[in-house]
Amino acid sequence: MKITVKLFATLRTGRFKAESREYAPGTTVAGVARELNIPREELALILINGRSAEPDSELSDGDTLSLFPPVGGG
Amino acid sequence: MGVYAGKILRVNLTTGAVATEPLPAEKAKLFLGGRGLAGRMLAEEIPAGIDPLGPENKIFFATGPLTGSAAPTGGRYMVVTKSPLNNVIASSNSGGFWGAELKFAGYDMVVVEGKAKEPVYIYVKDDTVEIRPAARFWGMQTNETVDALLAEVGDNRARVLNIGPAGEKLSLIAAVMNDRWRAAGRSGVGAVMGSKNLKAIVVRGSGKVEAANPEKYKEVTGAALKKIRENGVTGEGLPAYGTAILVNIINENGIYPTRNFQEGVFAGAEATSGETLAEKYLKKKDPCFRCPIACGRYCEVDGEEGGGPEYETIWAFGADCGVSDLPSIIKANNVCNEMGLDTISAGATIAAAMELYQRGLIKPEELDGPELVWGSGEAIIEWTRKMGRAEGFGARLALGSARLCELYGAPELSMTVKKLELPAYDPRGVMGHGLQYATANRGGCHVRGYLISPEILGSPQALDRFALEGKAEWAKIFQDLTSVIDSLGVCLFTSFPLGAQDYADLYNAATGESLTAEELLACGERIFNNERLFNLQEGYSAADDTLPRRLLAEPMPEGPTKGHVHLLDKLLPEYYRLRGWDADGVPTAEKKQALGL
Ligand code: SF4
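A. Examining the site of the ligand more closely. Taken together, Thr 73, Arg 76, Arg 182, Pro 287, Cys 288, Cys 291, Ile 293, Ala 294, Cys 295, Gly 296, Cys 491 and Phe 493 of chain B make up the full set of residues near the ligand. Its residues assigned to classes, the shell around the ligand comprises eight nonpolar, two polar and two charged.

Okay, here's the thing in structure tokens:
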């Protein structure tokens, strides 16, 4: 299945900004993070199609997955 | 008294009287300092109904107990006055170095009353205080003013707080500037200085701020510093990208207000993001006094340098005006700093003007400048300049979005609460944050109870952003805690790693008091209610605790927040109940008594 993966802030270093990538059905967010070598503690915020998700959330074909390190401001 | 200077400086510009008075110690225990203490004094000292731009209004420049101390980020101060934008109690916070310097000069606050006949500035060097002529600085932009004043006082290390042309022209969205590009931005506080013919306050101090319990203070400030450094937001995100790191995440959630809140997703987000800013235009970080976080940016574009831009500024001139050209946004930010304009209100007012133009209410022939079309970089820069000088059509913009839209018979197009322009989060996708917009004492403001933190950023815990349950209570606690932080004189961003107990530890070691976290939060509640009572006296009521109709009635048209409106009426009754207010939003007699108000 095709997933659009978007990375932000420090997660881009040595990786990419946004890519359309192929994954096996049933892949979870944690699976994608593992494949991209993103350590657990750097993965603070997860959005699937703009809605908050968890590391064990399963992805579906066509999803957009956005991954953020800890961010804040005001 | 520990970290308090113990002294207030009072300057009457009508009579020329300069006096010092002791800090009211008992009141300081109840209202802490800064926003709290100055807010209480304002409420007691000015009668209801006065003209905010008349000599009867007073303006307080107030530090908190921790300002100038060894506390991390302890450089904040507050400008408290009656707002000319909306007649409520204004309290605009700023960082930089001026607040700490005032403390070093031996004062907890400066209160300015009356009105000078001619332009003046106030010079404070420890015990020497002079009211000096400022006619030759009148009309100058911020940087020019600072250079000229430093040359006149012959001391490069003095700290300057000033207004720009916008404050002189009484723009209702004029800021008070300090240290060149730090701003006490909101509520038109710069116009109050302008109305008093007060161009600047230059301060130099040689004293120290000593904690009541130095050993303990060293320990607790060290512990706070460690938490700040180890926290992902304050230790990594903010230092690397500044507040602009928020552009992408707010946009990804579909709550990034675009074209005057007509949409919630902006195609130009990546081009105007904190990541792009860091990659292309960031020259260096620009921290405030004793700040290990250093979220402040200093950027260069086309040979033009200056402080900023912040997230809110990037949004106001960017997405809100449909502009995706970051260089134009940086330049518009520089114009705001030079003119002494609040960047949120300036950008948001241009956004409202663009919608009025889109709908044919503002006619092309009225404009003595660039066409007000969405996405025009030229328009945001040039109209900000004209707004700052109140030139031509710019004079209308200088009134702020609410009055502008009223002039064109379309008040519903003004994205304001209590006439204060809303900041960069569409409440249709963040229920708690929207409740806080509706109930913040100064009007449409994000930093008086930043529920974006739990609703979007997962801190201190993640909350479902669309859920209603529990949000009223979160809003109350965040508002009360923020009242404490604002009154202590440290930066709100410390609240990512620190909690109520940490602030109590800092306060106790600094002052020699022994408040529990609950007692400190009760001070926050008292501070918040004092402001509420001020506003009620000025004629505000529950009917004003609302949001623009668009956000309550028009579902978000697209993106991850599609189909949602803000459900304010489902939240307000519970919020009032938790606050101990009656159905009309008035604090009950019991509540007032419990808080000693
Ligand atoms: S975090 Fe940013 S705004 Fe706060 S004190 Fe530090 S530099 Fe200033």
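B. View of empty space enclosed by the protein. All names here are of chain B. Tallied over the entire structure, the rule returns four cavities of 30 Å³ or more. In this structure, the largest cavity occupies an estimated 840 Å³ of space. Put simply, the parts of the chain that give the lining of the largest cavity at least two residues each are strand 5 (89–94), strand 11 (182–184), helix 11 (311–317), helix 12 (326–339) and helix 13 (343–358). In this structure, the second largest cavity occupies an estimated 60 Å³ of space. Around the second largest cavity sit Lys 418, Thr 439, Ala 440, Asn 441, Arg 532, Asn 535, Leu 536, Tyr 540, Ser 541, Asp 544 and Asp 545, which together line it. Of the residues that constitute the lining of the second largest cavity, the class distribution is three nonpolar, four polar and four charged.

C. Looking closely at the side chain of Ser 376 of chain B. Mapped onto the fold, Ser 376 of chain B is located in the loop between helix 13 and helix 14 (377–389). In contact with Ser 376 of chain B, not counting residues within four places along its chain, are Val 323, Met 354 and Glu 371 of chain B.

D. Geometry of the packing of helix 2 (residues 34–45) of chain B against helix 19 (residues 471–488) of chain B. Residues and elements named next belong to chain B. As a packed pair, helix 2 and helix 19 sit with axes 5 Å apart at the nearest point and diverge in direction by 90 degrees. Classified by the interaxial angle, the pair formed by helix 2 and helix 19 is roughly perpendicular. Listed contacts from helix 19 to Gly 34, Arg 35 and Gly 36 of helix 2 are Thr 482, Ser 483, Asp 486 and Ser 487. Grouping the constituent residues of the contact of helix 2 with helix 19 by class yields no nonpolar, five polar and two charged.

E. Representation of the interface of chain B and chain A within the structure. The interface of chain B with chain A comprises 29 residues on the first partner and 18 residues on the second. With both chains or domains summed, chain B and chain A bury close to 1800 Å², and 58% of this area falls on carbon and sulfur atoms. Counting across the interface, chain B meets chain A through three salt bridges. Residue Glu 252 of chain B is joined to Lys 6 of chain A by a salt bridge in which the shortest nitrogen-to-oxygen separation is 2.8 Å. Between the two partners, chain B and chain A, sit eight residue pairs in polar contact (both at pLDDT 80 or more). If you list the elements that add at least two residues to the side of chain B that touches chain A, you get helix 8 (232–241), helix 9 (246–252), helix 10 (274–280) and helix 11 of chain B. Counting residues per element, the side of chain B that touches chain A draws most heavily on helix 8 of chain B, which supplies five residues. Broken down by class, the residue content of the side of chain B that touches chain A amounts to 15 nonpolar, eight polar and six charged.

F. Quick look at the domain arrangement of chain B. Residue and element names in this part refer to chain B. For chain B, the domain assignment lists domain 1 (7–204), domain 2 (256–421) and domain 3 (427–496 + 515–595). The gap between the C-alpha centroids of domain 2 and domain 3 is 26 Å. Counting from both sides, the interface comprises 21 residues of domain 2 and, opposite them, 25 residues of domain 3. In total, domain 2 and domain 3 occlude about 1700 Å² of area from one another, counting both sides; carbon and sulfur atoms represent 62% of this.

G. Representation of the packing of helix 19 of chain B against helix 20 (residues 500–511) of chain B in the model. All names here are of chain B. The N-to-C vectors of helix 19 and helix 20 enclose an angle of 30 degrees; their axes lie 11 Å apart at closest approach. Between helix 19 and helix 20, the crossing angle belongs to the class labelled roughly parallel. Relative to helix 20, helix 19 is oriented so that their crossing is left-handed. Contacts between helix 19 and helix 20 pair Leu 481, Ile 485 and Leu 488 from the former with Ala 500, Tyr 503 and Tyr 507 from the latter.

Criteria and cut-off values
- Residues numbered from 1 in each chain as written.
- Chains lettered and ligands numbered in written order.
- Predicted model: local features only at pLDDT ≥ 70, side-chain atom pairs only at ≥ 80, totals over all residues.
- Heavy atoms only, no water.
- Near = heavy atom within 4 Å.
- Nonpolar A, V, L, I, M, F, W, Y, C, P; charged D, E, K, R; others polar.
- 1 Å grid on protein atoms, 1.4 Å probe; cavity = no way out; pocket = protein on both sides within 12 Å on 5 of 7 lines; lining within 4 Å.
- Points joined across faces, edges and corners; volume = space filled by probe spheres on them.
- Helix = DSSP H or I, 4+ residues; strand = E, 2+ residues; numbered from the N terminus.
- Contact = heavy atoms within 4.5 Å.
- Axes fitted to C-alpha atoms, helices over the stretch in contact; angles between N-to-C directions.
- Parallel < 35°, antiparallel > 145°, perpendicular 65-115°, else oblique.
- Buried area = accessible area lost by both parts, 1.4 Å probe.
- Salt bridge = Lys/Arg side-chain N within 4 Å of Asp/Glu carboxyl O.
- Polar contact = N/O pair within 3.5 Å; in protein donor to acceptor, adjacent residues only side chain to side chain.
- Domains from an automatic or database assignment.
- Left-handed = near helix turned anticlockwise from the far one by under 90°.

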